[in-house]
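Residue-level structure breakdown
Chain by chain, the residues run as shown.
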Amino acid sequence: MIYFVKIFVNDLLFILLSQKTFIHMSSKNFYAFSLIIGLLFSSIISFSQFNYIDLISDGPIPEDILKSTHQKVADDIVEEVKTEDTKKEQKLKSDFLLKSNYMLDELLLSGKVVFGNKINDMINSVGENLLSTSNRSKIRFYILKSNTVNAFSTNQGMIFITTGLLSRLSTEAELAFILAHEIAHYTEKHVINTVLESDRIFSKRKRLKYDTYDENILKLSRYSKSLELEADSLGYVNYLKAGYDPQDAINVFNVLKYSYLPFENDEIEINSIHSGIPKDNILDTIIEMDFSTLDDSLSTHPNISLRIDKISKTDFTSKGVKYKLLLESDFSLLVNSSKIEEINQEFQNLNYVTALYNSMCLLNKYPEEILFKELIARSLYSLSKYANTSQMWQINGSYKDHPGEISRLYFFLEFLSKEQINTIAIDYIDKIISSKDSPLAHSILSDLFYELTYYHEKDLAYFGLKDGEIPEDSLDLYFHRKFLATPSDALIEIAKEENGKASKTLNKEKEYDDFLNSMNYDKRMKYLRKVEKQDEKEGKNIDVFSTGMIGADKVVYVDPNYTTIDERKGVKLVSSEFGDEVFAEQIIKAGDAAELNVEILSPKEIQKGDVDQYNDIAILNAAFSELLTHAKCGMSDDVFVLSLQDDLDRIRKKYDTDFFSYNGQIIFKKHKKYKALVLTLSVLYTLALPFGIKYALTPGYETYYYNMVLDLKNGKFVTAGFDQYDLKSYYGRICSILYNEMSILKTSVNEK
């Protein structure tokens, strides 16, 4: 019924708008009409649950993504570099357009850009209402999956708004002011007019290290403070002309002021996670927010108070009506979808405490929504993994450094033992997962129970029994009573199975340690050398990670990367782009020669209708980033149920393999030192002259090749290799390297 009512309301509004009925209504009457329709609709769906959709791209892939970077650069130079410009200006503009286009394409091809989604349609409708007729074909709006609270426009007419900003909005008018501000940056050519400043910013691209996507977003949104104030004023006038309320524009600055906090700041009940949490683990008074120490003198944006004061003095009379294009339910969908995406990003960035806090806040508002319970369960699982391996310090700072309501959660976790975090996670997951038959729930619980036995040596033989059936001398009596008093039957079964596996491993390790400890040092070393030689001879205990012998039937190579770097000039962007195409060709040829089934999945090769592949690349890139961050935190050997595991399982089935590779080659051109000296000395010794000329005129090269293979089934890197050659990369040499690598990848340890 609700579905058909929604269709009716949308159709009615469409008919009115298409017939331009709204033009003949006064703003007041149109607002009243919208309010009546909104109340009618909201009264019918008042009992509905949290509404959201996944932020995935849909429809034809835009030309902004399909068009090659070097062609974009060529077109922009024709458009922007004028004959009347000085030579210096021409060079600066050309360099800026080259570097900014390549940086932009890193974002566009990363999978973090969302297009064609219903949320995109809403943003487009609000944005287009602010555009003049002449600019409507020039400006495109995109969503960017990033928790950075930001929006930015580009010289090419693309306007990006991050999910981190969308998730914090309260009204459509706030969105309209942000878009109006960015439109002003574009129409006034602020980007190209700050080319000197941008040249200083982008000059850092000469180094080998690439910035993160969030760092690039910040770079792309930097203007002088005077231009920011100009964009505020011009955008504000445009915003008021569209009929929006002046106060809502001022509210945007408060969103920016509190952007360092989670998108929620509600009080939470720590006991809602587990009723057995000690009172000493609950913080009475939160850490207050302190703005007195903030120094914005180095900020790229003007002081917020100054910006509010500036637009308040704008010479434009507004009736202050609350104009709306979107239904309340649609705007709610926009914000809610961005909030879910922000939580997903928190998982990928290992910000588990923030993910847990935001999920708990949303559960307070929507207590029947199973989604938030599952997100809490995932957060607790992830925290347990780090606690069990004593790596909690990597992700959980002091509660004193996190102001606001979230400080309660940091305090709670800071003083819990590793065992308590693990058992609380198990108990919570057991209570809220509706179906214990789900593979995901079984994987998480199995992992936690194994680690509970292995790391904490908890004897689960009595697990699930009543107190009277547990021997009084059992060391785990308190544990059973306190944390897992009423486990489900499914949980008892999982616990006993994993307890058996972990206990067997522990017993073997203990027996082996006892055996070694029974010998003196010399005997022990002699025995270990003998065992090592025997294992090597029989092919036992081969390290799969270091050898790469994973026994793969098929490997999908995701976005193979070729980069050329000049020691003096930095990254050679155009030649690197063309090198990508050749490198992909080499991978296919090597796969054929090694008789390994190889597939290339690259955003540079997708066509207009390949939106599913684009979304697959986005998911794989997110998984790769998440695993890489785990590895940086010392968790490379652990098996993880990743935050996007459901999507990864679908991709595994679609491409018929568990193994996905991220590989690339970097060609580094070195400029030799002392060339003049060598050439001078060789002139003095005629026989050495040819060698001196060759040394002086021939640059040195280093080639770096890397390959990291993901096992999506087990959530870990199964092999990673990095090789360096003091030679230039030639076609045949790289084919040979790839062939050798693939021959190893298809070999299993058992075959060896």
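Residues numbered from 1 in each chain as written. Predicted model: local features only at pLDDT ≥ 70, side-chain atom pairs only at ≥ 80, totals over all residues. Heavy atoms only, no water.

**A short note on the overall build of the protein chain**
Regarding its fold elements, the protein chain presents 30 helices and eleven strands. Here the protein chain holds 752 residues, and the buried ones make up 49% of them. Within the protein chain, residue pairs in contact and separated by at least 24 positions form 76% of the contacts whose partners lie at least 6 positions apart. Carbon and sulfur atoms provide 53% of the accessible area of the protein chain, an area that totals close to 37,400 Å². (Helix = DSSP H or I, 4+ residues; strand = E, 2+ residues; numbered from the N terminus. Buried < 20%, exposed > 50% of the residue type's maximum accessible area, 1.4 Å probe, protein only. Contact = heavy atoms within 4.5 Å. Areas by Shrake-Rupley, 256 points an atom, 1.4 Å probe, with all protein chains shown as cover.)

**Observations concerning the pattern of salt bridges**
Pairs can form between side chains of opposite charge whenever their charged atoms are close. Enumeration over the complete set of coordinates arrives at 25 salt bridges. A salt bridge links Asp105 to Lys72; the nearest nitrogen and oxygen atoms lie 2.7 Å apart. Of the two residues, Asp105 is situated in helix H5 (residues 87–108) and Lys72 in helix H4 (residues 69–80); the sequence distance between them amounts to 33 residues. A salt bridge links Lys604 to Asp559; the shortest N-O distance between them is 2.6 Å. In this pair, Lys604 is assigned in the loop between strand S8 (597–601) and helix H26 (611–632) and Asp559 in the loop between strand S5 (554–558) and strand S6 (561–566), connecting sequence segments 45 residues apart. (Salt bridge = Lys/Arg side-chain N within 4 Å of Asp/Glu carboxyl O.)

**Overview of the confidence of the model for the protein chain**
Taken as a whole, the protein chain shows an average pLDDT of 78; of its residues, 75% reach a score of 70 or greater. Counting contacts from residues 1–47, a segment whose pLDDT is below 50, to residues more than four positions away or on other chains yields 31 contacts. Within the model, the stretch residues 204–210 combines pLDDT values under 50 with 20 contacts to residues more than four positions away or in other chains. (pLDDT = per-residue confidence, 0-100.)

**Describing the packing of aromatic side chains**
Tallied over the full model, the rule gives 22 aromatic pairs. Consider the rings of Tyr239 and Tyr244, whose centres lie 5.3 Å apart with planes at 20°: the pair is stacked. The exposure class of Tyr239 is buried, given its relative accessible area of 0%. With a relative accessible area of 0%, Tyr244 lands in the buried category. (Phe/Tyr/Trp six-rings, centres within 6.5 Å; stacked < 30°, edge-to-face > 60°.)

**Observations concerning the packing of helix H16 (residues 352–365) against helix H17 (residues 370–388)**
Running from N to C, H16 and H17 point in directions that differ by 155°, and their axes come no closer than 9 Å. By the angle class used here, H16 and H17 are roughly antiparallel. Regarding H16 and H17, the two cross each other, and that crossing is left-handed. Contacts between H16 and H17 involve Tyr352, Val353, Ala355, Leu356, Ser359, Met360, Leu362 and Leu363 from the former and Phe372, Lys373, Leu375, Ile376, Ser379, Leu380, Ser382, Leu383 and Tyr386 from the latter. (Axes fitted to C-alpha atoms, helices over the stretch in contact; angles between N-to-C directions. Parallel < 35°, antiparallel > 145°, perpendicular 65-115°, else oblique. Left-handed = near helix turned anticlockwise from the far one by under 90°.)

**Section: H26**
With 22 residues, H26 ought to run about 32 Å at 1.5 Å a step, and its terminal C-alpha atoms sit 32 Å apart, in line with that. Looking one or two places after H26, you find Gly634, whose phi comes out positive at around 80°. (Expected span 1.5 Å × (residues − 1).)

**Side note on the packing of helix H6 (residues 118–128) against helix H8 (residues 172–187)**
Contact geometry of H6 with H8 gives a least axis separation of 9 Å together with a crossing angle of 65°. In the crossing of H6 with H8, the sense of the turn from one axis to the other is right-handed. Between H6, through Ile123, Val126 and Gly127, and H8, the contact on the second element is made entirely by Glu172, Leu175, Ala176, Leu179 and Ile183. Looking at the contact of H6 with H8 residue by residue, the classes come out as six nonpolar, one polar and one charged. (Nonpolar A, V, L, I, M, F, W, Y, C, P; charged D, E, K, R; others polar.)

**Considerations on the nonpolar core**
Ile273, Leu383, Tyr386, Leu409, Phe412 and Leu620 are the most contacted members of the largest nonpolar core, which totals 79 residues. Among the elements that line this core, the one with the most residues is H17, at ten residues. What Ile273 contacts, discounting residues up to four positions off in sequence, is Leu356, Met360, Leu380, Leu409, Phe412, Ile424 and Tyr428. In terms of nonpolar packing, the next biggest core, distinct from the first, is built from 44 residues, Ala173, Leu175, Leu179 and Ile183 among them. (Core = buried A, V, L, I, M, F, W, Y, C linked by side-chain atoms within 4.5 Å.)

**A look at unusual backbone geometry**
For Leu350, which is not a glycine, the phi torsion comes out positive at approximately 65°. Tracing the backbone shows Leu350 in the loop between helix H15 (328–348) and H16. Positive phi outside glycine occurs at Ser390, with the angle close to 60°. When its relative accessible area of 41% is taken as the criterion, Ser390 is described as partly exposed.

**Considerations on the environment of Asp447**
Topologically, Asp447 is positioned in helix H20 (residues 439–456). Asp447 sits 47 residues away from Ile494 along the chain, and the two C-alpha atoms are 9.8 Å apart. Beyond its immediate sequence surroundings of up to four residues, Asp447 is in contact with Tyr381, Lys385 and Val639. Within the structure, Asp447 has its side chain in polar contact with the side chain of Tyr381 (distance 2.7 Å). (Polar contact = N/O pair within 3.5 Å; in protein donor to acceptor, adjacent residues only side chain to side chain.)

**Regarding the environment of Ala618**
Positionally, Ala618 belongs in helix H26. For the pair Ala618 and Pro603, spaced 15 residues apart in sequence, the C-alpha to C-alpha distance is 9.4 Å. When near neighbours in sequence (up to four residues on either side) are disregarded, Ala618 contacts Ser110 and Gly111.

**Structural notes on H8**
Between the first and last C-alpha of H8 there are 22 Å, a value that for 16 residues agrees with the 22 Å anticipated at 1.5 Å per step. Most of H8 is tucked away, with 15 of its 16 residues classed as buried. Where H8 ends, the next residue or the one after it, Lys189, has phi of about 55°, a positive value.

**Points about the pairing of S5**
Counting buried positions along S5 yields five of five residues, so the element is predominantly enclosed. Of the two faces of S5, the one holding Lys554, Val556 and Val558 and the one holding Val555 and Tyr557 are both buried throughout. Where S5 and S8 come together, five bridges link them in parallel fashion. Counterpart to Val555 in the pairing with S8 is Val598. Alignment of S5 against strand S9 (residues 659–670), held across two bridges, turns out to be parallel. Across the sheet, residue Val556 finds its bridge partner in S9, namely Phe660. (Pairing = 2+ DSSP bridges.)

**Some points on the side chain of Glu174**
Mapping Glu174 onto the fold places it in helix H8. In this structure Glu174 is buried but unpaired, with Arg168 as the nearest side chain of opposite charge at 11 Å. One polar contact links the side chain of Glu174 to the main-chain amide nitrogen of Ser170, over a distance of 2.8 Å. With sequence-adjacent residues up to four places away left out, Glu174 is seen in contact with Arg168, Leu169, Asp248, Asn251, Val252 and Val255. (Lys, Arg positive; Asp, Glu negative; His and termini not counted.)

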